[in-house]
Amino acid sequence: MKNKINCLQFASMMSMLLVASFLGIGMFSVIKSAGVDSYISIVIAAIAGIFIMLSFFVIYDYEPNLNVAEKFKSIFGKPLGTILNYLSLAIILFMGISAMFNLTTFITSQFLKSTPPYLIGLCFAFLVILVNIKGIETLSRTCLVLFTLCAILFLISIIGLFPEFDMANLKPCLEYGLKRPLVGAVYNFLFNLLPIYLLLVIPKNSLVKPEKYRKYMCIFYIISFLIKFVLVVTTIGVLGIHLASIYQYPEYMVLKRIKIFTFIDRIENVITIQWLFGLFFNISFVVYYITHSLKQSHKSKLLPVIITIIIFVGSNYLFKNNTAFNDFTYSKVPYMRAILFFIYILLFVGILIKKRCNKKVTS
Amino acid sequence: MKKIKLLSFLLPLFFITGCFNYRELNELAITSAVGIDKTEDGYKTTIQIINTQKNGADTNSSMEQPKFVTYTSEDKNLQESLRRVILESSRRIYADHIQVLVIGEDLARDGIYDILDLFFRNSELRKQFQVVIARDTTAEDILKVVTPLETLNSKHIDEGLSVDNKYLGVGEVVDFEQLVASYLDSNKEIVLPSVTLKEKDEEGDNIENTESTEPAENVIESTMGVFKDDRLLDFLTEKESIALSFVRGKINNTVLSYECHDNKYVVSEIMNTKTDVSVESEPLKAKIKITGSLNINEVTCDLDLEDLKVVDEIESNLENELKNNINDTINTIRDEYNTDVFGFRDILYKSNPKYYREIADDWYDSVFKNMDIEIDVNFDFVEKGNSLKVIKR
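Along each chain, residues carry numbers from 1 onward, in the same order as the chain's sequence is written. The order in which chains are written sets their letters, starting at A; the order in which ligands are written sets their numbers, starting at 1. At least 70 in pLDDT is required for a residue's local features to be given in this predicted model, at least 80 for side-chain atom pairs to be given and counted, and no such filter applies to totals for whole chains, interfaces and linings, which use all residues. Working from all heavy atoms in the structure, the side-chain values ignore hydrogens and water.

A. Structural context of the pairing of strand β2 (residues 43-50) of chain B. Residues and elements named next belong to chain B. For every residue, the accessible area (1.4 Å probe, protein chains only) is compared with the maximum for its type, and the residue is labelled buried under 20%, exposed over 50%, or partly exposed between those bounds. Strands are runs of DSSP state E lasting at least two residues, helices are runs of H or I lasting at least four, and both sets are numbered from the N terminus onward. Taken across its eight residues, β2 has six buried, putting it largely inside the fold. Across seven bridges, strand β1 (residues 28-38) lies against β2 in antiparallel orientation. Directly across from A33, in β2, lies its bridge partner Q48. Linking β1 to β2, which pair antiparallel, is a turn of four residues. The pairing criterion is simple: DSSP has to find at least two bridges between the two strands. In terms of strand pairing, β2 meets strand β3 (residues 68-75) through eight bridges, oriented antiparallel. Bridging across to β3, I49 finds its partner in V69.

Below, the structure written as structure tokens:
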């Protein structure tokens, strides 16, 4: 059972990747582009995301003993496969840097104003290294525990916010037609659905009962969609679109309104830990992805350290401040993500073509 | 190798034993309320700080110290003005848990836009504190009064407004976040509750103020202030304030009466009220539907309360009383202030944005003033207390 994970852990990792990336820039970009129709964007993106799921299944089922880097080489040959792999790794590394920046900025801006961001980053970097050195088993178990905790905290927050919810805040619906929700859906698709592909780094034969993974993934995909949908609806329904679009972290600010049974209040900082768990897992998985795409030997301990240091240093020096980060992420990063999507689509198409050729040869 | 590993995990424990840059409670001046007044050159800020010293602890005196102290300072902008308080205080000002923000009337009439940003931008400050206007006085004077019953003046204002909102409805509770949301939404107008001073001749800024059965000075809740954009236009009367709260759906319980005979009244408590406002387009018409239950509290006329017809009549008289009150209030606000504090514009925008865009530019010029209003009040009689009949010989 060494280096084996079960399908539940695998699917929970997908959910964590999808939901955690929504904090900060995910919510910001959807609200900025779709406004009050943000929840429609989430629905459209989720429907479009079915294509990602289907392509994922095709890529994942191909050569079950290979990870994504090996599949690139297997489909496109060594030179082109390596180039595509490195290109995707560069973009994924940037995803990790963004997540680390998001994490440290969120903590320094909301809780630890006087603490230097690098100190916070350092604490998380140690954990990221540790969990990566321990391997996929530890990573997946950690993820399942964190996901369960996050789901409970999410439920508490929704129950606590229910009395504050005002349906009128979600109106008018589609005031300017479908254009704005579609733009929002594109952002949501690129920022919050694309990370599904990161799971390709785990070879299919690393799963216990791999035949069940599709079912679990579909269930957790729906759960992730519901979480994001409820989150957006609740945030806008409680704060109203004007406040939701002016706050840096509306999904955190809305938690300040939680009041359960008139005596449980001011629990936003406890509830917020779900975001911190999510972002921590995101960074950890990015490090895992890059490590295992670069080196096939699973015993490498130095590589995760180096990658984590790059992410840590990058998050400290790449962006001057949050405004620069938001601007860059909103205007430039979608193109980077689109390239990443294109690379995986190439792989998907490559596999389809190869399968068809193989069929012809055998027939 | 194992020892190195163990050491690398144990070593950080010595460095992470406490918070980075921590602030001890006894080094902070915990602020419970902030008041802002307009001056010629900028702002005068008054901050109310909780006095955490035990009585006579430092001075060996048995004299009772007030439970709070106030500091004032002036500067051209708010942040600098607030920071200058440090010159007077020996502790760092900690304003993250303020309960009340009091805005001076002069400042409110000049426009409150400039004071919103500082409080909104501060990430540590909770935005759920109440905002009130100091009516006919300054925020400084309001925050200096030592109030009876509550040891903290800010608590007195905070609790007082909540109780008023819960049982009378003259003042609506508006927290800072709601105020900013109303300001940001161009389809909404701001309303804020007010407090004022009820005073005798003496001054109430000393501890003796609480040693009398009738304090020399007290802070009392007053009526709602109505705004247009960010400027205070005026204050409503008590009746108008209650009517406004009814239309805005911010009232739960209140007392309503009508004159059944010369100087004789039927008084009733209205409970569990619900308001449903809709705006129909073409022809433009606002429909206000109010429902609730009523208890008869006081009857000084000779009425047969056992007769169902009489009870129905009381019901319909009270409904008409409220209907007329709301109608008068809407007309007064339309004619005198021309500000849509009822939120009709927002409701129309949300229900029919296309039609709204056609008439938006003329909203205050003609549409709001001339739109039809239909008011429907429906109270259900619940009980009449211990007495089945009116007390009479």
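B. View of unusual backbone geometry. Backbone torsion omega between K171 of chain A and P172 of chain A reads -5°, so that peptide bond is classified as cis. Tracing the sequence through the fold places P172 of chain A in the loop between α7 (136-161) and α8 (179-193). Despite not being glycine, D229 of chain B shows a phi value in the positive range, around 55°. With respect to the secondary-structure elements, D229 of chain B resides in the loop between β10 (225-228) and β11 (231-235).

C. A look at a nonpolar patch on the surface. A cluster of nonpolar side chains, namely L6, L10, L11, L13 and F14 of chain B, defines an oily patch on the protein surface of about 530 Å² accessible area. Here L13 of chain B shows up in helix α1 (residues 2-15). Only residues whose relative accessible area exceeds 30% and that form no salt bridge enter a patch; like-charged residues are grouped when within 9 Å of one another, and nonpolar side chains (Val, Leu, Ile, Met, Phe, Trp, Tyr) when within 5 Å. For the accessible areas, the method is Shrake-Rupley and the probe is 1.4 Å, while residue cover comes only from the protein chains on display. One side-chain nitrogen of Lys or Arg within 4 Å of one carboxyl oxygen of Asp or Glu is enough to make a salt bridge.

D. Representation of the state of the cysteines within the structure. Note on disulfides: each one is a pair of cysteine sulfur atoms within 2.5 Å. Counted by the stated rule, this structure contains one disulfide over all chains. One disulfide in the model links C260 of chain B with C301 of chain B; its S-S distance is 1.5 Å. Taking the sign of the S-S torsion, 75° for the link of C260 of chain B and C301 of chain B, the bridge is right-handed. Residue C260 of chain B is located in strand β12 (residues 254-261), and its partner C301 of chain B is located in the loop between β14 (285-299) and α9 (308-337); the two are separated by 41 residues in the primary sequence. What makes C301 of chain B buried here is its relative accessible area of 7%. With no disulfide partner, C7 of chain A has as its closest neighbouring cysteine sulfur the one in C218 of chain A, 12 Å distant. Overall, C7 of chain A belongs to the buried group, its relative accessible area being 4%.

E. Layout of the packing of aromatic side chains. Two rings from Phe, Tyr or Trp (for Trp, the six-membered ring) form a pair when their centres sit within 6.5 Å of each other. Planes less than 30 degrees apart are called stacked, planes more than 60 degrees apart edge-to-face, and all others tilted. Under the defined criterion, the tally for this structure stands at 41 aromatic pairs over all chains. Considering the side-chain rings of F225 of chain A and F229 of chain A, the 5.8 Å spacing of their centres and the 35° angle between planes classify their relative orientation as tilted. Of this pair, F225 of chain A and F229 of chain A both sit in helix α9 (residues 213-239), four residues apart, which is roughly one turn of that helix. With a centroid separation of 6.1 Å and an interplanar angle of 25°, the aromatic rings of W363 of chain B and F368 of chain B are classed as stacked. Given the relative accessible area of 0%, F368 of chain B is considered buried. Three or more aromatic residues link up through ring pairs in this structure, and these residues are F10, F56, F57, Y60 and Y213 of chain A. Any Lys NZ or Arg CZ found within 6 Å of a ring centre and within 35 degrees of that ring's normal is scored as a charge over the ring. Sitting above the plane of the Y216 of chain A ring, K215 of chain A keeps its charged end 5.9 Å from the centroid. Between the NZ or CZ atom of K228 of chain B and the centre of the ring of Y364 of chain B, over which it lies, the distance is 4.1 Å.

F. Local environment of the confidence of the model for chain A. The predictor attaches a confidence to each residue, called pLDDT, with possible values from 0 through 100. With 98% of its residues at a pLDDT of 70 or more, chain A shows a mean pLDDT of 91. Ranking the elements of chain A by mean pLDDT puts strand β4 (residues 264-265) of chain A last, at 78, and helix α3 (residues 38-61) of chain A first, at 95.

G. Representation of the packing of helix α8 (residues 238-247) of chain B against α9 of chain B in the model. Residue and element names in this part refer to chain B. For helices, the axis comes from a line fit to the C-alpha atoms of the stretch in contact; other axes are also lines fit to C-alpha atoms, and the angle between any two N-to-C directions lies between 0 and 180 degrees. One can describe the packing of α8 onto α9 by two numbers: an axis separation of 9 Å at closest approach and a directional angle of 95°. Accordingly, the angle class assigned to the pair α8 and α9 is roughly perpendicular. On the side of α8, the interface is formed by K239, E240, A243, L244, F246 and V247, while α9 contributes E321, L322, N325, I326, T329 and T332. Here the residues of the contact of α8 with α9 are counted per class, giving six nonpolar, three polar and three charged. Should an angle fall under 35 degrees it is taken as roughly parallel, and over 145 as roughly antiparallel, whereas 65 to 115 is taken as roughly perpendicular and any remaining angle as oblique. We call two residues in contact whenever any of their non-hydrogen atoms come within 4.5 Å of each other. Each residue is assigned to one class: nonpolar for Ala, Val, Leu, Ile, Met, Phe, Trp, Tyr, Cys and Pro, charged for Asp, Glu, Lys and Arg, and polar for all the others, Gly among them.

H. The interface of chain B and chain A, seen in detail. At the junction of the two partners, chain B supplies 21 residues and chain A supplies 25 residues. Accessible surface is computed with a 1.4 Å probe, and the buried area is the amount of it that two parts give up when combined, taken over both parts together. Carbon and sulfur atoms make up 53% of the area that chain B and chain A hide from each other, which totals about 2,100 Å². In this structure, the connection of chain B to chain A is made through three salt bridges. Here E177 of chain B and R257 of chain A are joined by a salt bridge, their closest N and O atoms 2.5 Å apart. Within 3.5 Å is the distance limit for a polar contact, defined as a pair of N or O atoms, with the added protein rule that one can donate a hydrogen and the other accept it, and that residues adjacent in sequence qualify only through two side-chain atoms. For the pair chain B and chain A, the number of links is eight residue pairs in polar contact (both at pLDDT 80 or more).

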